[in-house]
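# A closer look at the structure
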Amino acid sequence: DDTQKQDLLVKIATIQEEILHNEEDACETYRQLLDIDASNSHAALALERLLRKLGQFKELAIFYRQQVDYAPDDSIRVEYLHKLGLLLARDLHEIEEAVDVFGNALSIDANSVACKRAVESMLDDLPATDENAQVRNTMATMLEPLYTESDWSKLARVLSVLIDTCDDPLGRVSLLM
């Protein structure tokens, strides 16, 4: 019976983590729990916590991608995409992939303040070099339609990035108009 197996796996994971201090084995046990029931929030939170504690960021990225796939609704999906984007940007230094992830989240929920702020922060932190021009352009293009008339300073900053990263003279002129 799955319920009995899940209860036993929870006890095993707890012993592995809290008594034996074997966090790697506890991670594997929590993965087994999630294989049985992908919606087990206790196992998901425990696995997320342990992977972060152990610094297993690539494994954590895989976990977040799985959670995005299993998310029961868009708000939870956006939450996991946000976590994945931050992990990719801050811990794995995969900026372009992080931008894609945040773009995906914002296409689901354009009002996600957390995702918008994350992209703004990445844009602020990424040096304005020729090497970064394309990804800065992508971030600015992503942000520009999200700003309303009340966000003039943010809109001006994004348009400035778009102008700076635009290779096409006609495109530059259209942005200036």
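Structure: see above.
Presented here is a report on the structure given in the accompanying data block. (Residues numbered from 1 in each chain as written. Predicted model: local features only at pLDDT ≥ 70, side-chain atom pairs only at ≥ 80, totals over all residues. Heavy atoms only, no water.)

## A look at a nonpolar patch on the surface
- Together, Ile15, Ile19 and Leu20 line one region of the surface with nonpolar side chains, adding up to about 310 Å² of accessible area.
- Assignment of secondary structure puts leucine 20 in the loop between α1 (2–19) and α2 (23–36). (Patch = residues over 30% accessible without salt bridge, like charges linked within 9 Å, V, L, I, M, F, W, Y side chains within 5 Å. Areas by Shrake-Rupley, 256 points an atom, 1.4 Å probe, with all protein chains shown as cover. Salt bridge = Lys/Arg side-chain N within 4 Å of Asp/Glu carboxyl O. Helix = DSSP H or I, 4+ residues; strand = E, 2+ residues; numbered from the N terminus.)

## Description of the environment of histidine 42
- Within the secondary structure, histidine 42 sits in helix α3 (residues 41–53).
- With a relative accessible area of 44%, histidine 42 lands in the partly exposed category.
- It is 9.0 Å that separates the C-alpha atoms of histidine 42 and tyrosine 30, two residues lying 12 residues apart in sequence.
- Each residue touching histidine 42, except ones within four places of it in the same chain, is listed here: Val10 and Tyr30. (Buried < 20%, exposed > 50% of the residue type's maximum accessible area, 1.4 Å probe, protein only. Contact = heavy atoms within 4.5 Å.)

## Some thoughts on the nonpolar core
- Ranked by internal contacts, the top residues of the largest apolar core, which has 50 residues, are Tyr30, Phe63, Phe102 and Met139.
- No other element matches the eight residues that helix α5 (residues 74–91) contributes to this core.
- Setting aside residues up to four positions removed in sequence, methionine 139 forms contacts with Val99, Val119, Met122, Leu123 and Leu126. (Core = buried A, V, L, I, M, F, W, Y, C linked by side-chain atoms within 4.5 Å.)

## Structural notes on the environment of valine 119
- Here valine 119 shows up in helix α7 (residues 113–125).
- Residue classification places valine 119 among the buried residues on the basis of a relative accessible area of 1%.
- Contacts of valine 119, omitting those with residues within four sequence positions, involve Phe102, Leu106, Met139, Met142 and Leu143.

## Focus on the packing of α1 against α2
- Direction vectors running N to C along α1 and α2 enclose 165°, while the axes themselves pass 8 Å from each other. In terms of their interaxial angle, α1 and α2 are classed as roughly antiparallel. When the axes of α1 and α2 are compared, the crossing they make is left-handed. Mapping the contact onto sequence places Asp2, Lys5, Gln6, Leu9, Val10, Ile12, Ala13, Thr14, Gln16 and Glu17 in α1 and Asp25, Ala26, Thr29, Tyr30, Gln32, Leu33 and Ile36 in α2.
- Of the residues in the contact of α1 with α2, the class split is eight nonpolar, five polar and four charged. (Axes fitted to C-alpha atoms, helices over the stretch in contact; angles between N-to-C directions. Parallel < 35°, antiparallel > 145°, perpendicular 65-115°, else oblique. Left-handed = near helix turned anticlockwise from the far one by under 90°. Nonpolar A, V, L, I, M, F, W, Y, C, P; charged D, E, K, R; others polar.)

## Structural notes on the layout of surface pockets
- If you add up the space inside the largest pocket, you get close to 240 Å³.
- Forming the walls of the largest pocket are 14 residues, and the residues nearest its centre are Ser39, Ser41, Gln67, Ile76 and Tyr80.
- Elements that contribute at least two residues to the lining of the largest pocket include exactly α3, α4 (57–70) and α5.
- Of the residues forming the lining of the largest pocket, the biggest block, four residues, is contributed by α5.
- Partitioning the lining of the largest pocket into residue classes produces eight nonpolar, four polar and two charged.
- Here the second largest pocket defines a volume of roughly 200 Å³.
- Every residue lining the second largest pocket is listed: Arg31, Leu34, Asp35, Ala38, Leu47, Glu59, Ile62, Phe63, Gln66, Gln67 and Tyr70. (1 Å grid on protein atoms, 1.4 Å probe; cavity = no way out; pocket = protein on both sides within 12 Å on 5 of 7 lines; lining within 4 Å. Points joined across faces, edges and corners; volume = space filled by probe spheres on them.)

## Description of α5
- Over its 18 residues, α5 extends 25 Å from the first C-alpha to the last, a length consistent with the 26 Å expected when each residue adds 1.5 Å.
- For α5, the set of buried residues is Val78, Tyr80, Leu81, His82, Leu84, Gly85, Leu86, Leu87, Leu88 and Ala89.
- Those residues of α5 that are buried are in contact with α3, α4, α6 (95–108) and α7.
- Following α5 by one or two positions, histidine 93 has its phi on the positive side, about 55°. (Expected span 1.5 Å × (residues − 1).)

## A look at the pattern of salt bridges
- Per the stated rule, a full pass over the model turns up 11 salt bridges.
- Taking the shortest distance from any N to any O, the salt bridge between glutamate 28 and arginine 31 comes out at 3.8 Å. In this pair, glutamate 28 and arginine 31 both sit in helix α2, three residues apart, roughly one turn of the helix.
- Under the relative-accessibility criterion, glutamate 28 is labelled partly exposed at 40%.
- A relative accessible area of 23% places arginine 31 in the partly exposed class.
- Residues participating in the shared-partner salt-bridge network are Glu28, Arg31 and Glu59.

Purely geometric numbers; function is a separate question.
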